[in-house]
Structure formats: structure tokens, C-alpha cells
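The residues making up each chain are set out below.
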Amino acid sequence: MPELPEVEALSRSLDRDLAGRSVERVVIRSVAVLKTYDPPAAALQGRTVSGAQRMGKFIDIELSSLHLVVHLARAGWLRVLPEAGETRPTLRGPLAARITFADGGALDVSEQGTEKRLALYVVRNPADVVGVARLGIDACDPELTAECLGGLLHAASGTIKSALADQSLVAGIGNAYSDEILHAARISPFRTAARLGDAEIQRLHHSMRRVLSDAIARALEVDPGQLRDSKRGSMSVHGRTGQPCPVCGDIVREVSLATRSFQYCATCQTGGKVYADRRLSRLLR
Ligand SMILES: [Zn+2]
């Protein structure tokens, strides 16, 4: 799933590629993808894109007083085509929507796989999207100081792993980057968020900034079409079960939950303690 760094890079490329282009036609090919009905998607036709920006893990494309808000979920993606031409979308395949511009180009919205979670919203105000209205402070917001982060975590319930990925607490971080941030900060994902000490909060804040800014810098170097796959290569623990930790050489461990799994290094993060999956699956749900 794309998280803050990939969505940031994608948003910037959309801002660059789409600003000033006017929409000729909107075709929603998968009805389930469009989560709003008023205004209708056709209301985007004839409008000019003024820009695109990231909000948490959402992308907001602004079109003269209307907004197309996109949540890519696990397997969604946006692709700008210089020429839509005669390449008619096929009936089968991952294309969920196509926006054709007056200059002949297009924006394709697609989703791989069988789990359909991609969401499009046509709204007058981005805050009309419940998920956007619920977003907490952005993980890259300069106002999110270590003190501010500490205050949020001390009021949170559950583990630090869940708290970091809670969009209503801090926006933009998901399963992958929370693994990476906790590993960089040498904090166990199983710790209770509210019980972290000041020195740990400082480390966590520093790691959060560094992991995200490094990942954004890398994402900006990658062709937008490759972003979805490129993040995996630079991970220290996430998605690397059984491989050596790049810091200490211990084996990266995995916890499997019903719908996802996450990784940590016992030596770097838990004082060598290896946790059994089954018990944690219940604790972390
Ligand atoms: Zn390690």
C-alpha cells in the first residue's frame, strides 16, 4: 500500500502534469469505486485542474471549485497518459476510471487484485470526505514536534505500532513505514504507546522525520509508474522476514495478523525477546 512518501511523490507529479488541463470526459468503469453521488462525476467535465496535493494518504485533485479525492488503498494507482488516443479501456482488467483531457491525454485510475478498496470522491470540499475530515496532524507537518507527538501518544490507547498507523492521530504512516520508523528508533512495536518515556519519544520523532524524508527523497527520484514497487527495496525490516537485519545481522521476525503482517528485529527492538504470533494477533487486533 502506498504511504506518505509514495503518495507525496505521486501528488507532486500529478500537480506538475495535470495543472492547467481541462477535463473533457469522465468515465467511471467500476461503479463501486465512486463513493459520492452529489455532485456527480460528470460535474468534473469542462473544469480545469488547478493542482494536486497530498492529505495524509489521500490525493486531492482540485478542479475549479470541485475536488476529486482519491484513496489508493492497497492496490490502487493513478497514471497519466500523454495520449489516450484509441486505446479503449478493455472490459476486463484493472481500470476503474478514466479522465480524458481536452488535449488528448488522460488520467487512468486502476486497481490490481481482487480486494477492491480503491475509493474516489467528487466533493465541493475535501473535508466532506469522512476519512479526510478525521485525519490527524500530518507526519511531515513542522508543527508536529517531539513534544506534540508525545502528547498525542500519551493520550492514545493500544500499542505504539497501532498508534503510529492510526490516521486520526498522525496522518500518512501505514504498516510499512511504522515498521521502519520503530526499527530505526529501536522501539518494540508491542510497547504501549502511552507508556513511552521522553527519551524514546525523542528517538521516535527523530526516526519518523528521517525515515519519511529519506523515503520522500527516494520516491521523487523514481518514475511515478515504478513508485508502487520501488519502496520495498529500501526497507530495513518491513517485508523482509527471515532476512538479516541491516543494523545487527539478527533475523527479521514476523507477526502475522488476519489481513496483514509486520516485521521487527528482536535484537534491535525487543531486547532479544521473540514474540509468538498467535497471542499477539489477539492483542493487536
Ligand atoms: Zn537488528
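Residues numbered from 1 in each chain as written. Predicted model: local features only at pLDDT ≥ 70, side-chain atom pairs only at ≥ 80, totals over all residues. Heavy atoms only, no water.

1. Details of the coordination of the zinc ion
Part 1: Within the first shell, the zinc ion binds the protein through Cys 245 (SG), Cys 248 (SG), Cys 265 (SG) and Cys 268 (SG), at distances of 2.2 to 2.4 Å.
Part 2: One way to put it: the 4 donor atoms around the zinc ion meet at angles of 97 to 115°, and that makes the site tetrahedral.
Part 3: The sequence pattern formed by the donor residues of the zinc ion is C-x2-C-x16-C-x2-C. Of this pair, Cys 245 sits in the loop between helix 7 (227–230) and strand 11 (252–256) while Cys 268 sits in helix 8 (residues 266–269); the two residues are 23 residues apart in sequence, bridging distant segments of the chain. In terms of burial, Cys 245 and Cys 268 fall into one category: buried. (Donors = N, O, S within 2.8 Å, 3.2 Å for Na, K, Ca; no water. Tetrahedral: all angles 85-135°; square planar, octahedral: opposite > 155°, others 65-115°. Helix = DSSP H or I, 4+ residues; strand = E, 2+ residues; numbered from the N terminus. Buried < 20%, exposed > 50% of the residue type's maximum accessible area, 1.4 Å probe, protein only.)

2. Examining the packing of helix 1 (residues 4–18) against helix 6 (residues 198–221)
Part 1: For the pair helix 1 and helix 6, interaxial distance at closest approach is 8 Å and the crossing angle is 40°. Taken together, the axes of helix 1 and helix 6 are oblique relative to one another. The way helix 1 lies across helix 6 gives a crossing that is right-handed. Residues Leu 4, Pro 5, Glu 8, Ala 9 and Arg 12 of helix 1 touch helix 6, and the partners they reach there are Leu 212, Ala 215, Ile 216, Ala 219 and Leu 220. (Axes fitted to C-alpha atoms, helices over the stretch in contact; angles between N-to-C directions. Parallel < 35°, antiparallel > 145°, perpendicular 65-115°, else oblique. Left-handed = near helix turned anticlockwise from the far one by under 90°. Contact = heavy atoms within 4.5 Å.)

3. Observations concerning the pattern of salt bridges
Part 1: Going through the model one piece at a time under the given rule, you end up with 10 salt bridges.
Part 2: Across the pair Asp 108 and Arg 98 runs a salt bridge, and its minimum N-O distance is 2.6 Å. Taken together, the residues Asp 108 in strand 7 (residues 106–111) and Arg 98 in strand 6 (residues 95–101) connect sequence positions 10 residues apart.
Part 3: Asp 108 gets classed as buried once you look at its relative accessible area, which sits at 6%. (Salt bridge = Lys/Arg side-chain N within 4 Å of Asp/Glu carboxyl O.)

4. A short note on the nonpolar core
As a rule of thumb, soluble globular proteins bury nonpolar side chains together.
Part 1: Grouped together as the largest cluster of nonpolar side chains are 32 residues, with contacts concentrated most on Leu 14, Ile 59, Ile 61, Leu 68 and Leu 78.
Part 2: Here the element with the most residues in this core is helix 1; it accounts for 5 residues.
Part 3: The residues contacting Leu 14, other than those within four sequence positions of it, are Ala 19, Ala 52, Ile 59, Ile 61, Leu 78, Val 80 and Leu 107.
Part 4: Formed by 28 residues, the second largest nonpolar core is a distinct cluster that contains Leu 149, Leu 153, Ile 181 and Leu 204. (Core = buried A, V, L, I, M, F, W, Y, C linked by side-chain atoms within 4.5 Å.)

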